[in-house]
Amino acid sequence: MGDTTDGSSSAAHSAHGSPTHNQRGFFGRIVEALSPSDTSQTDASGAYGQPVAAPRPGLANLRRMRVEDVMIPKAEIVAVPVDISKEDLVKVFRDSGYTRLPVFDGTLDTPVGFANLKDVALTYGFDCDSDHFDLRGLLRSLLYVPPSMPLGVLLQKMQSDRIHMALVIDEYGGTDGLLTIEDLLEQVVGEIEDEHDTAEAVPWKLEQPGVYMAEARAPLEEFEAEIGRVLTEHEEIDEDEVDTLGGLVFMLAGHVPARGEVIPHPDGPEFEVVEADPRRIKRLRVRLRGREGG
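Rules and cut-offs
- The residue count restarts for each chain, going from 1 along the sequence in the order it is written.
- Local features in this predicted model are restricted to residues whose pLDDT is 70 or higher, and side-chain atom pairs enter the listing and the counts only when it is 80 or higher, whereas totals over whole chains, interfaces and linings include all residues.
- The side-chain numbers reported here are obtained from all heavy atoms of the structure, hydrogens and water having been left aside.
- UniProt positions are given in the numbering used here, feature names are shortened, and annotations may be inferred rather than shown by experiment.
- Whether two strands pair comes down to DSSP finding at least two bridges between them.
- Secondary structure elements are defined from DSSP: runs of H or I of at least 4 residues count as helices, runs of E of at least 2 residues count as strands, and each element is numbered from the N terminus.
- Whenever a helix is involved, its axis is fitted only over the stretch in contact; in every case the axis is a line through C-alpha atoms, and angles between N-to-C directions fall within 0 to 180 degrees.
- Pairs of residues are marked as contacts when any of their non-hydrogen atoms sit within 4.5 Å.
- Any two rings among Phe, Tyr and Trp, with Trp reduced to its six-membered ring, count as a pair given centres within 6.5 Å; such a pair is stacked if its planes are under 30 degrees apart, edge-to-face if over 60, and tilted if neither.
- Residue exposure (1.4 Å probe, protein chains only): buried if accessible area is under 20% of the type maximum, exposed if over 50%, otherwise partly exposed.
- Residues belong to a common nonpolar core when they are buried Ala, Val, Leu, Ile, Met, Phe, Trp, Tyr or Cys residues joined through side-chain atoms within 4.5 Å.

Going by what an unreviewed UniProt entry lists, the chain is known as Magnesium/cobalt efflux protein and is assigned to Salibaculum griseiflavum. Recorded in UniProt under Sequence similarities (unreviewed entry), the annotation for the chain is "Belongs to the UPF0053 family. Hemolysin C subfamily."

**Some points on the sheet that holds strand E10 (residues 262-264)**
Strand order in the open sheet formed by five strands is E8-E9-E12-E11-E10, with antiparallel pairing between adjacent strands. At either end of the open sheet lies a strand with only one pairing partner, and these are strand E8 (204-208) and E10. With strand direction ignored, the average angle separating the axes of adjacent strands in the sheet is 25°. Where E8 meets strand E9 (residues 211-215), four bridges bridge the pair, whose relative direction is antiparallel. Note that in E9 the partner of Lys205 across the bridge is Met213. Sitting on the sheet, helix H10 (residues 245-253) touches E9, E10, strand E11 (270-276) and strand E12 (281-287), and the angle it makes with E12 is about 80°.

**A closer look at the packing of aromatic side chains**
If you walk through the whole model with that rule in mind, you get three aromatic pairs. Relative to Phe223, the ring of Tyr212 has its centre 5.5 Å away and its plane inclined at 80°; by these criteria the two rings are edge-to-face. Residue Tyr212 is found in strand E9, and its partner Phe223 is found in helix H9 (residues 220-227); the two are separated by 11 residues along the sequence. Summarising the burial analysis for this pair, Tyr212 and Phe223 share the class buried.

**Remarks on unusual backbone geometry**
Within the chain, Arg162 stands out as a residue other than glycine whose phi angle is a positive 60°. The residue Arg162 is located in the loop between helix H7 (151-161) and strand E6 (165-169) in this model. Taking the relative accessible area as the measure of exposure, Arg162 reaches 72% and is therefore exposed.

**Examining H7**
Taken together, the buried positions of H7 are Leu151, Gly152, Leu154, Leu155, Lys157 and Met158. At the C-terminal side of H7, Arg162 shows a positive phi close to 60°.

**Details of the nonpolar core**
Formed by 24 residues in total, the largest nonpolar core has its most connected members in Phe223, Leu245, Leu248 and Phe271. Those elements giving two or more residues to this core turn out to be E9, H9, H10, E11 and E12. No other element matches H10, which puts six residues into this core. Once residues within four sequence positions are removed from consideration, Leu248 is found in contact with Leu220, Leu231, Ile237, Val242 and Phe271. Membership of the second largest hydrophobic core comes to 19 residues, among which are Val145, Leu151, Leu155 and Ile181.

Structure, rendered in structure tokens:
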């Protein structure tokens, strides 16, 4: 696939033999330092049927978690066709906020590499003649990995190949998902925010009467004051254990809910998970049904 690393990169990597301990680098030694007998992965349910959160950030996640646990699903990948115009490409960069975008020829199942915003800016600028724009000449290589690959192995491969974006390929050769090195590191150190990830002063907004878009980190008491309702007056909810809106939804669901899942509240409100990963809920749409709600 052009200058991608599909297949040929893995073969070339193996042809050089196994790297020595000194060659494996920092992340390689981290993975090796983890005990092979590590069985501390959190179970899906705790004692007495109480829900238990997915594994917290930590080094052990590099061994016990796999690519499929962390990848961005295919339906959520922001990608562009190889014949895109410069104006449209810049618009996708601007609207998405990403600096790297997968590039495909025809469909996402035929990727040809990825485009870096810095390459576009340095090569063409943003005021060049669009007739001379050619994205193919700017493509960088992607890694292609199976969904079963341990995160620690992928992290070492990203480090050694100096490629920080990987497409997850299913058994039929189609695209299944996407990961970046930031996604992997977040499993170790927690969420990484950059200068573009600005937190809103109020972690919710009213979309329409009775419907809120809210951050999972929103303090529960403050959100209850906003809507004029108490959401913890039920025996199945331990209000001493819940501080955030996301924590409430997690307790109601009994697990970390997936994107698109709708969790009902005993009093009628519904919580739709708008954004989440395997470890935590990120954003919710709250519909205030029941009582005075719509």
